[in-house]
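# Analysis of the macromolecular model
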Amino acid sequence: MKAVMMKRSGDPSDVLAMADIPEPAAPADGDVIVRVRKRLVHPADTAAIRGFLPAAVFAPDGIPGFDGVGIVQALGANVEFATGVMVGSRVALLSARKTWAECVVTSATQLMPVPDDIEDEVACQLATNGITALMLLHAAGQVAGSAGTAPLLMTAAASGVARNMIALSSQRGRHVIGLVRRDADASALAGQFDNLTVIGTDRPDWQAAVRAAANSPVKVAIDPIGGEMMPMLLESVADGGTLIVYGGLDPRPSRISSGRLTGRELTIRGLSAFGWSERTPPEQRAADFESLFAMARRMPQNFGGHRTFPLADAVKAIAHAEASPRRGATILASDD
Ligand SMILES: NC(=O)c1ccc[n+]([C@@H]2O[C@H](COP(=O)([O-])OP(=O)(O)OC[C@H]3O[C@@H](n4cnc5c(N)ncnc54)[C@H](OP(=O)(O)O)[C@@H]3O)[C@@H](O)[C@H]2O)c1
């Protein structure tokens, strides 16, 4: 079978190449083999390829890819009984590994069965990114004073994860204040959702604009950027508030004042969707999947504008995914 392989970390055009590798052996107990049709290109893929994430992420054979959508090809023992998944089921993969290959072996707990009316391209955008959005919103709801309709502050508001969060929040009547890095991009995003205010952080007064947009203190901010954004966001949340971090789009270290954290009783919390399947009971997983599918049916426009590249064009796909501003999801497709 074909796979994109990484020889070492570095610039994608220098280190990625197509390879022919053996098909996986029969799956072990609890595992399945999935023939992957589509996978989303994530910032974490490109960060790992460039070496910004630990190289061990891709060990031992250097195949990128953390999620995808495909067809179950073979089942290990005890899988059908446990999950309802059968040979031929269409599934999305959560926190899987090496999905930039035509087939992967993964645990059956890491599968999200996909209903017939949800297209592969939408399912790709709902898997890791949708589950991450639900986790982040759940964590935000646990912050004292942030439940109900209190405003939520989110950075990288045009990103895939943020768009899932905004769509879910908008349905729940929650006011979101979304930050993008250029104010010129704000109105296009703001026009797509109810209850959304978008502010560009290139405005010198963006922090004052956040305060003006919020009709009550901002108790929680959600950020995948890090770097210089983190200390600025901490200044934008109210005393006793929480900054939830879930990514490192800006790999520079953050300068945080422990004195400010202490005096203002602020909390910083990190969250990862890796391991979500293992720590979430099956009934909750099914309910979470259903809420994502319901959101996608109500807001199909949130998942349009994607562009699909063949697996062999992974380098071009990465260039598209890294272009700014973000125009839509980037998807890598296996040959039919
Ligand atoms: N913790 C988890 O489990 C988890 C799960 C999924 C994703 N993530 C992380 O979440 C982040 C977003 O992923 P995604 O798939 O949602 O992203 P995406 O759809 O690829 O979009 C990236 C967005 O981030 C913005 N951006 C990129 N670099 C930036 C910077 N230095 N400063 C400000 N904005 C920047 C881009 O803005 P422009 O439009 O202006 O270019 C773009 O809108 C990544 O760090 C990813 O690794 C974490």
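In this text, all values refer to a predicted model and were calculated from it rather than measured experimentally.

### Let's talk about the overall build of the protein chain
What the protein chain contains, in helices and strands, is 13 helices and 15 strands. Taken over C-alpha atoms, the radius of gyration comes to 20 Å for the protein chain, in line with the 20 Å a tight globule of 336 residues would show. Along the three orthogonal principal directions, the C-alpha set of the protein chain runs to about 55 × 45 × 35 Å. Taken across its 336 residues, the protein chain has 51% of its residues classed as buried. Contacts in the protein chain between residues far apart in sequence, at least 24 positions, make up 66% of those at least 6 positions apart. For the protein chain, the computed accessible surface area is about 14,700 Å², with 54% contributed by carbon and sulfur atoms. Side chains of the protein chain give 32 positive and 35 negative charges; the mean places of these two sets differ by 5 Å.

### Quick look at the site of the ligand
In the vicinity of the ligand there are 24 residues, among which G160, V161, A273, S324 and R326 approach most closely. A distance of 3.0 Å separates an oxygen atom of the ligand from a polar side-chain atom of R181. Between the ligand and R182, the relevant distance is 2.8 Å, taken from an oxygen atom to a side-chain nitrogen or oxygen of the residue. About the coverage of the ligand: the protein hides 84% of its 930 Å² of free accessible area. Counting only elements with at least two residues in the shell around the ligand, the list comes to α2 (43-50), α5 (128-141) and α6 (160-171). For the shell around the ligand, the element with the most residues is α5, which contributes three residues.

### Observations concerning the domain arrangement of the protein chain
The domains assigned to the protein chain are domain 1 (2-114 + 305-333) and domain 2 (132-270). Computed over C-alpha atoms only, the centres of domain 1 and domain 2 are separated by 30 Å. Between domain 1 and domain 2, the residue contacts involve four residues of the former and eight residues of the latter. Summed over the three residues of domain 1 that lose the most area to domain 2, namely S324, P325 and R326, the buried surface amounts to 78% of that side. At the junction of domain 1 and domain 2, the tally comes to zero salt bridges. Put simply, domain 1 and domain 2 have three residue pairs in polar contact (both at pLDDT 80 or more) between them. Within the side of domain 1 that touches domain 2, the residues separate by chemical class into two nonpolar, one polar and one charged.

### Things to note about α5
Each α-helix winds once per 3.6 residues, and so residues spaced three or four apart point in a common direction. Here α5 spans 20 Å end to end across 14 residues, near enough to the 20 Å set by a 1.5 Å rise per residue. Along α5, 12 of the 14 residues are buried, which leaves the element largely enclosed by surrounding structure. When α5 is considered as a whole, its buried residues turn out to be T128, N129, G130, I131, T132, A133, L134, M135, L136, L137, A139 and A140.

### Considerations on the environment of I268
Turning to its location among the elements, I268 is positioned in strand β13 (residues 267-270). When the C-alpha atoms of I268 and L234 are compared, they prove to be 8.7 Å apart, with 34 residues separating the residues in sequence. When neighbours within four sequence positions are excluded, I268 is seen to be in contact with M230, L234, L243, V245, I256 and L261.

### Quick look at the sheet that holds strand β8 (residues 152-154)
The six strands are arranged β10-β9-β8-β11-β12-β13 in an open sheet whose pairing can be described as parallel. If you trace the sheet from one side to the other, it starts and ends with β10 (196-200) and β13, each paired once. Neighbour-to-neighbour, the strand axes of this sheet turn through a mean angle of 20°, independent of strand direction. Here β8 pairs with strand β11 (residues 220-223) via two bridges, running parallel. In the strand pairing of β11, L153 is matched with A221. Each of β8, β9 (176-180), β10 and β11 is contacted by α6, which is oriented at about 160° to β8, the strand it contacts most. Lying over the sheet, helix α8 (residues 206-213) contacts β8, β9 and β10, oriented at roughly 170° with respect to β10.

Rules used throughout
- Residues numbered from 1 in each chain as written.
- Predicted model: local features only at pLDDT ≥ 70, side-chain atom pairs only at ≥ 80, totals over all residues.
- Heavy atoms only, no water.
- Helix = DSSP H or I, 4+ residues; strand = E, 2+ residues; numbered from the N terminus.
- Rg over C-alpha atoms; globule rule 2.2 N^0.38 Å.
- Buried < 20%, exposed > 50% of the residue type's maximum accessible area, 1.4 Å probe, protein only.
- Contact = heavy atoms within 4.5 Å.
- Areas by Shrake-Rupley, 256 points an atom, 1.4 Å probe, with all protein chains shown as cover.
- Lys, Arg positive; Asp, Glu negative; His and termini not counted.
- Charge placed at Lys NZ, Arg CZ, Asp CG, Glu CD.
- Near = heavy atom within 4 Å.
- Polar contact = N/O pair within 3.5 Å; in protein donor to acceptor, adjacent residues only side chain to side chain.
- Domains from an automatic or database assignment.
- Buried area = accessible area lost by both parts, 1.4 Å probe.
- Salt bridge = Lys/Arg side-chain N within 4 Å of Asp/Glu carboxyl O.
- Nonpolar A, V, L, I, M, F, W, Y, C, P; charged D, E, K, R; others polar.
- Expected span 1.5 Å × (residues − 1).
- Pairing = 2+ DSSP bridges.
- Axes fitted to C-alpha atoms, helices over the stretch in contact; angles between N-to-C directions.

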